[in-house]
Amino acid sequence: MYMNSTWIQNNWFKVTFLTLLFSLVIVLGVLTYKYQKSPVQNAASAKPNIVYLQATSTSSTSSAIDLPAMVQEWYPSVVRVECYIREAGGDMALQSGSGFLTKQGGKIGVLTNKHVVVGEAGESPKLCTVKLANNEDSYIAEDPSSETKGEVVVSDTLDWGYIRITYPNADFQKAATDKRSFCKAKASLGAGVVIMGYPSVGSESDITVTQGIISGFEDEYYITDAKIGHGNSGGIAIKADKKSKSSCLVGIPSFAIIGEVVNLGRILDIASVQADPLFKFSNE
């Protein structure tokens, strides 16, 4: 016993080194065993936690729609309309809204709402001005009875009106392309729709765009959750398509019904407009 103690005292460095080495071997063995038992968990923890989010919209097809390209395609044809109405009391009232500059059968004109171009009691306008987007030059359509510059046609039964552009300048001729077509088939429930116009709560100098879906049908109107505000009346409602060149005019934004929970707008179906006997300018 005495000899063992003496040996340990004389070789303390070797004893300490061997003890530490033995402890290190045990620790490494334990860690290796744990790693081999759970290789999947360790591999997974090294990857970032990526979550892919899809853009949300009321239109189920909006993720596939090139909305900026579609807006750019239709933008030049959306115009601002202002009409001066002499009321029964003699006062002159100003009514404003939006319109769609179109070329049908070689004739250029503005399709809008009836309530934009005539008074509440059906008074004809003394004159209406039409302005292109970002362009201060106005086309003036005077009282139909004067037959000097233009004329205004309105429906007897539906909320549409038409301002004939008799002497269009170069800007109007360029903007009134006939390549933007009217929809030939009725829009389906849930189809995407884009509204373009000049609402009073939008830009003061340019077009405002809102988007939604066809939420329902009511007589000659589509019901939509797309925002339609005062001033948007007479603008355009475009059926959204995956290809901007395939989009078409589904109707004319006319009015909105404000409820306690949701506001739903009305779009006058372009097919109903075309079926109106007074809609003759397209084939003259």
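Shown above is the structure to which this text applies.
Rules of the game
- Residues numbered from 1 in each chain as written.
- Predicted model: local features only at pLDDT ≥ 70, side-chain atom pairs only at ≥ 80, totals over all residues.
- Heavy atoms only, no water.
- Helix = DSSP H or I, 4+ residues; strand = E, 2+ residues; numbered from the N terminus.
- Buried < 20%, exposed > 50% of the residue type's maximum accessible area, 1.4 Å probe, protein only.
- Contact = heavy atoms within 4.5 Å.
- Areas by Shrake-Rupley, 256 points an atom, 1.4 Å probe, with all protein chains shown as cover.
- Core = buried A, V, L, I, M, F, W, Y, C linked by side-chain atoms within 4.5 Å.
- Disulfide = S-S within 2.5 Å.
- Arc of directions from axis to C-beta.
- Salt bridge = Lys/Arg side-chain N within 4 Å of Asp/Glu carboxyl O.

Overview of the overall build of the protein chain
Thinking step 1. Scanning the protein chain from N- to C-terminus turns up seven helices and 13 strands.
Thinking step 2. Looking at the 284 residues of the protein chain, the share that counts as buried comes to 41%.
Thinking step 3. Partitioning the intrachain contacts of the protein chain with sequence separation of at least 6 by distance along the chain shows that 63% fall at a separation of at least 24.
Thinking step 4. For the protein chain, the computed accessible surface area is about 16,700 Å², with 56% contributed by carbon and sulfur atoms.

What to know about the nonpolar core
Thinking step 1. Membership of the largest hydrophobic core comes to 27 residues, with the highest contact counts inside it found for W74, L111, W160, M196, I236 and V273.
Thinking step 2. The set of elements that each furnish at least two residues to this core consists of α4 (67–74), β8 (192–197), β11 (236–239), β12 (248–258) and α7 (270–275).
Thinking step 3. The dominant element in this core, judged by the number of residues it contributes, is α4, at three residues.
Thinking step 4. Once residues lying within four places of it in the same chain are set aside, the contact partners of V273 are L111, L158, W160, I252, L268 and F279.
Thinking step 5. Ranked by size, the runner-up nonpolar core spans 21 residues in total, among them V81, C83, F172 and A175.

Description of the side chain of S272
Thinking step 1. Structurally, the position occupied by S272 is in helix α7.
Thinking step 2. Apart from the residues lying within four places of it in its own chain, the contact partners of S272 are L158 and E220.

Some details on the environment of S272
Thinking step 1. Judged by relative accessible area, S272 falls into the buried class, the value being 18%.
Thinking step 2. Taking the C-alpha atoms as reference points, S272 and D219, separated by 53 residues in sequence, lie 9.6 Å from one another.

Describing the state of the cysteines
Thinking step 1. This structure, assessed with the given rule, holds two disulfides.
Thinking step 2. Disulfide partner of C83: C128, at an S-S distance of 2.0 Å. Given an S-S torsion of about 110 degrees, the disulfide between C83 and C128 has right-handed geometry. Of this pair, C83 sits in strand β1 (residues 78–86) while C128 sits in strand β4 (residues 125–132), and the two are 45 residues apart along the sequence. No difference in accessibility class separates C83 from C128, as the two residues are buried.
Thinking step 3. Each bonded cysteine of the protein chain gets a number by its place in the sequence, and the pairs then read 1-2, 3-4.

Quick notes on α4
Thinking step 1. Within the span of α4, buried status applies to M70, V71, E73 and W74. Around the axis of α4, the buried residues are gathered within 155 degrees of arc, so they sit on the same side. Residues P68 and Q72 are exposed on α4 and point more than 90 degrees away from its buried face.

Looking at the pattern of salt bridges
Thinking step 1. Inspection of every chain in the model, using the stated rule, returns two salt bridges.
Thinking step 2. The shortest N-O distance in the salt bridge between K186 and D269 comes to 3.4 Å. Of this pair, K186 sits in the loop between α6 (170–175) and β8 while D269 sits in strand β13 (residues 263–269), placing them 83 residues apart in sequence.
Thinking step 3. The exposure class of K186 is partly exposed, given its relative accessible area of 48%.
Thinking step 4. Of the residues examined, D269 reaches a relative accessible area of 7% and is grouped as buried.
Thinking step 5. One salt bridge in this structure joins R266 and E218, with 3.0 Å as the shortest N-O distance. A residue pair is termed long-range when its members are at least 10 positions apart, and R266 in strand β13 and E218 in strand β9 (residues 208–218) qualify at 48 residues.
Thinking step 6. A relative accessible area of 7% places R266 in the buried class.

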